[in-house]
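Listed here are the chains, written in short residue letters.
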Amino acid sequence: ISDTDQWKALQAHVGAIHKTHLRDLMADADRCKAMTAEFESIYLDYARQQATTETIDKLFKLAEAAKLKEKIEKMFNGDKINSTENRSVLHVALRAPRDAVINSDGVNVVPEVWAVIDKIKQFSETFRSGSWVGATGKPLTNVVSVGIGGSFLGPLFVHTALQTDPEAAESAKGRQLRFLANVDPVDVARSIKNLDPETTLVVIVSKTFTTAETMLNARTLKEWIVSSLGPQAVSKHMIAVSTNLKLVKEFGIDPNNAFGFWDWVGGRYSVCSAVGVLPLSLQYGFPIVQKFLEGASSIDNHFRTSSFEKNLPVLLGLLSVWNVSFLGYPARAILPYSQALEKLAPHIQQLSMESNGKGVSIDGVRLPYEAGEIDFGEPGTNGQHSFYQLIHQGRVIPCDFIGVIKSQQPVYLKGETVSNHDELMSNFFAQPDALAYGKTPEQLRGENVSENLIPHKTFQGNRPSLSFLLSSLSAYEIGQLLAIYEHRIAVQGFIWGINSFDQWGVELGKSLASQVRKQLHASRMEGKPVEGFNPSSASLLARY
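Residues numbered from 1 in each chain as written. Predicted model: local features only at pLDDT ≥ 70, side-chain atom pairs only at ≥ 80, totals over all residues. Heavy atoms only, no water.

1. Focus: the overall build of the protein chain
Helix and strand counts for the protein chain come out as 23 helices and 13 strands. At 25 Å, the protein chain has a C-alpha radius of gyration in line with the 24 Å of a compact globule built from 544 residues. Projected onto its principal axes, the C-alpha positions of the protein chain cover 75 × 65 × 55 Å. A fraction of 74% describes how many contacts in the protein chain between residues 6 or more apart in sequence connect residues 24 or more apart. Total accessible area computed for the protein chain in this model is approximately 24000 Å², and 53% of it derives from carbon and sulfur atoms. For the protein chain, the separation between the mean place of its 53 positive charges and that of its 56 negative charges on side chains is 4 Å. (Helix = DSSP H or I, 4+ residues; strand = E, 2+ residues; numbered from the N terminus. Rg over C-alpha atoms; globule rule 2.2 N^0.38 Å. Contact = heavy atoms within 4.5 Å. Areas by Shrake-Rupley, 256 points an atom, 1.4 Å probe, with all protein chains shown as cover. Lys, Arg positive; Asp, Glu negative; His and termini not counted. Charge placed at Lys NZ, Arg CZ, Asp CG, Glu CD.)

In C-alpha cells form, the structure reads like this:
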C-alpha cells in the first residue's frame, strides 16, 4: 500500500497539517460540523483530530486503493481471509439474525450458531430457575468461568459493564460471576474466596481443552470440588465451552453440557460465542445477553452497508492509520468517562495489539511502515490524576473519549451545583479542548503568572482526540461499542495489508516455557542440575 499514489499523497500532505494548529482548525464551524457522524444513539465527533476535510478525502482514496470495501465483503462472505491459518473470519455470524445466510466452506453457519444459542438459552433457564441442582441438591448461584486471553478479557469487559445497569443488576440478584484466568495460584485463591463448592458451577473455556494454563486451573478447581463433594460431583458442578468432546468426557464433564464454537472465531473475537454468552447468560439471563448480541449485530450491518463518510468503524480505522503511519504517533489512549467501562481498555488492548501487532504483510513481506498501536487506558477521571500529565505536556498520544448521557446509577445531592454524573461529564467535555487548545505564554502573562513558571505552565495544545457520546449504557450499547472497536481494528489491518486474525507472536514463549517446565521437574524431582540454557537464564533458574 505504501507504493501507491494515494499513500504518497498523504505523506506529502503531512507537511501542510504540521503547519496548522487545532486552535485554528476548531474555529472553522463548517469543518467541525463535517467531522461528525452518528449511528442510532452513538454520536462521534472527530473534529479534534489533526486533519482537515482534505485529509479525510485523501484517506477515503487510500481506502479505495487498499480495496477496503472488497475486503469487508470478503470477511462477511466467509472467504478465508485469515490465510496463514486458512480460516474464515466470522465473528459477525455469532450475532447474526436467525434468518441470515453467512457461508463458510459453502455451508451456512448461522443455523449452527443458533443451535448453540438455543442450547445456552435452555440451559441458562434451567440453571437460573433452580431446577439444575448440585451434588447435595442445592441450586447453584455462583459461577466461575475459567479461561485465558480472549476467553476472559471480552466476557469480563461485558460483565463489568452490565453489573451496574439497573435491568441487568435486577436479573443478577443473589448471583455471582467470577473469572479465573492467570495460572498464578493467587488468582485461584481469589476466584474461589468465600465460595462454597456446593453452590458453585465451574465453566471451563478452552476450544481444544489443551490450553496449558486453563487446564491446570481446571484440574485445580476440579480437585476443590472433588475434595469437598466427591468425584461424582464433577458432572453436576462443571460444564465446558469446547469442541473437543473426547477430552471433555475424559475430564468427567457430561459432553451434553459442552457448548461448541468454531475455528472461524478467533479467541479475542469470541465474546459473542458461547465463550461469553454462556457465563453472561447464567449471571444475567439470556434476554439481557440477547440485547447485547443485537447491539453488536446493528453495528455489523452499519459497517457492511453504510457509505464510508458515515461509517463509524471505517472513519475510526482510517484516522488511526493516519495517526500511526503518517503522523508517527505509536499509542492510543482509551478514556471512558464511565466506571462501568473500566475493563474496556484491557479488552481493546488485546483485541488491537494481538490483531495488528504485526511486522510483515499478509504475503509475508517485511512492512516498510509502522503498523499497530500501543493501546492503554483508564476511566476518567481516574486517568486525569494518573497519566494525563504526559498526554498534556509530554508525548502526543491520540485519545478516544467515551461519554454517556444517562448514568446507570444517577445521584443528585441537595445543595450541589450539579449531579455527580454532570461533575464527571464536565471533565469529559473539558479535557479534549484542553488538549486541542493548550495554554499560551501570553495567556499566562495575562493572568500574572511569574515569568519563571511560564515554561512549566505552558500547554502547547494541538493534541488530537475524538469523542464518542452514547445516549445510555445498556446491554445493547455495550454490544455496539464492542463491535465498533472490533471493526475499526479490522479496517486498520485491511489498510496496512496485514493479517489481523492470526497471532503467531504468542507461540514462541509458550514453546520455550515447555523446556523450562521439563527442567523444573527434573531439578525438583530428581535433583538434576540446570542444563541447556544461556548463562543468564541458567543462573536465574538456579536461584529460583
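2. With respect to the environment of proline 410
In this structure, proline 410 sits in the loop between β12 (399-404) and α18 (420-437). When its relative accessible area of 65% is taken as the criterion, proline 410 is described as exposed. Residues proline 410 and glutamate 64 lie 346 residues apart in sequence; the distance between their C-alpha atoms is 45 Å. (Buried < 20%, exposed > 50% of the residue type's maximum accessible area, 1.4 Å probe, protein only.)

3. Concerning the packing of helix α13 (residues 274-284) against helix α14 (residues 286-305)
It is at 7 Å that the axes of α13 and α14 come closest, and there the two elements cross at 135 degrees. Classified by the angle between their axes, α13 and α14 sit oblique to one another. Contact residues: Val277, Leu280, Ser281 and Tyr284 in α13; Phe286, Ile288, Val289 and Leu293 in α14. Here the residues of the contact of α13 with α14 are counted per class, giving 7 nonpolar, 1 polar and no charged. (Axes fitted to C-alpha atoms, helices over the stretch in contact; angles between N-to-C directions. Parallel < 35°, antiparallel > 145°, perpendicular 65-115°, else oblique. Nonpolar A, V, L, I, M, F, W, Y, C, P; charged D, E, K, R; others polar.)

4. Some remarks on the sheet that holds strand β10 (residues 331-336)
Strand order in this open sheet of 6 strands is β1-β2-β13-β12-β10-β11, and the pairing throughout is mixed. Every interior strand has two partners, whereas the edge strands, β1 (36-39) and β11 (374-377), have only one. Strand after strand, the sheet turns through a mean of 15 degrees between neighbouring axes, direction not considered. Direction of pairing for β10 relative to β12: parallel, over a ladder of 4 bridges. In the strand pairing of β12, isoleucine 334 is matched with aspartate 400. Along the sheet face, helix α16 (residues 344-356) touches β10, β11 and β12 and points at about 175 degrees away from the line of β11. (Pairing = 2+ DSSP bridges.)

5. A closer look at the pattern of salt bridges
Enumeration over the complete set of coordinates arrives at 25 salt bridges. Here lysine 121 makes a salt bridge to glutamate 125, at a shortest N to O gap of 3.8 Å. Of this pair, lysine 121 and glutamate 125 both sit in helix α6 (residues 110-129), 4 residues apart, which is roughly one turn of the helix. Residue lysine 121 is classed as partly exposed on the basis of its relative accessible area of 34%. Overall, the relative accessible area of 43% leaves glutamate 125 in the partly exposed class. Residues glutamate 354 and arginine 268 are paired through a salt bridge, measuring 2.9 Å at the closest nitrogen-oxygen approach. On the criterion of sequence distance, the pair formed by glutamate 354 in helix α16 and arginine 268 in the loop between β9 (258-259) and α13 is long-range, its members being 86 residues apart. Given a relative accessible area of 2%, arginine 268 falls into the buried group. (Salt bridge = Lys/Arg side-chain N within 4 Å of Asp/Glu carboxyl O.)

6. Examining the domain arrangement of the protein chain
Taken domain by domain, the protein chain holds domain 1 (5-66 + 306-496), domain 2 (106-289) and domain 3 (507-543). Computed from C-alpha atoms alone, the centre-to-centre distance between domain 1 and domain 2 is 35 Å. At the junction of the two partners, domain 1 supplies 20 residues and domain 2 supplies 18 residues. Taken together, the two surfaces of domain 1 and domain 2 that pack against each other cover about 1700 Å², and 65% of this comes from carbon and sulfur. The interface formed by domain 1 and domain 2 contains 8 residue pairs in polar contact (both at pLDDT 80 or more). Counting residues per element, the side of domain 1 that touches domain 2 draws most heavily on α16, which supplies 7 residues. (Domains from an automatic or database assignment. Buried area = accessible area lost by both parts, 1.4 Å probe. Polar contact = N/O pair within 3.5 Å; in protein donor to acceptor, adjacent residues only side chain to side chain.)

7. Quick look at the pairing of β12
Counting buried residues along β12, 6 of its 6 residues qualify, which places the element largely inside the surrounding structure. Alternating residues of β12 divide into Cys399, Phe401 and Gly403 and Asp400, Ile402 and Val404, and every residue in both groups is buried. Here β12 runs beside strand β13 (residues 465-470); their pairing, made up of 6 bridges, is parallel. Its bridge partner being in β13, cysteine 399 is matched across the sheet by serine 465.

8. A short note on unusual backbone geometry
The peptide bond linking glycine 380 to threonine 381 adopts the cis configuration, its omega dihedral lying at 10 degrees. Tracing the chain through its elements places threonine 381 in the loop between β11 and α17 (388-393). With a phi angle near 65 degrees, asparagine 194 is a residue other than glycine that sits in the positive phi range. Here asparagine 194 lies in the loop between α9 (185-192) and β7 (200-205). Unlike most non-glycine residues, asparagine 462 shows phi in positive territory, near 60 degrees. Positionally, asparagine 462 belongs in the loop between α20 (454-457) and β13.

9. Brief notes about the environment of lysine 358
Secondary-structure assignment places lysine 358 in the loop between α16 and β11. Along the primary structure lysine 358 and glutamine 503 are separated by 145 residues, whereas in three dimensions their C-alpha atoms are 8.6 Å apart. Residue contacts for lysine 358: discarding those within four places in its chain leaves Leu367, Ala371, Ile498, Asn499, Ser500, Phe501 and Asp502. At 2.9 Å, the side chain of lysine 358 forms a polar contact with the backbone oxygen of serine 355.

10. Topic: the packing of aromatic side chains
Under the definition given, this model contains 18 aromatic pairs. Ring centres of tryptophan 7 and phenylalanine 326 lie 4.5 Å apart, and the angle between their planes is 45 degrees; on these two criteria the pair is classed as tilted. With a gap of 319 residues between them, tryptophan 7 in helix α1 (residues 5-18) and phenylalanine 326 in helix α15 (residues 312-326) connect regions that are remote in the sequence. Relative to tyrosine 388, the ring of phenylalanine 387 lies with its centre 5.6 Å away and its plane at 45 degrees, an arrangement referred to as tilted. Using a relative accessible area of 19% as the deciding quantity, one classes phenylalanine 387 as buried. Assessed through its relative accessible area of 3%, tyrosine 388 is described here as buried. (Phe/Tyr/Trp six-rings, centres within 6.5 Å; stacked < 30°, edge-to-face > 60°.)

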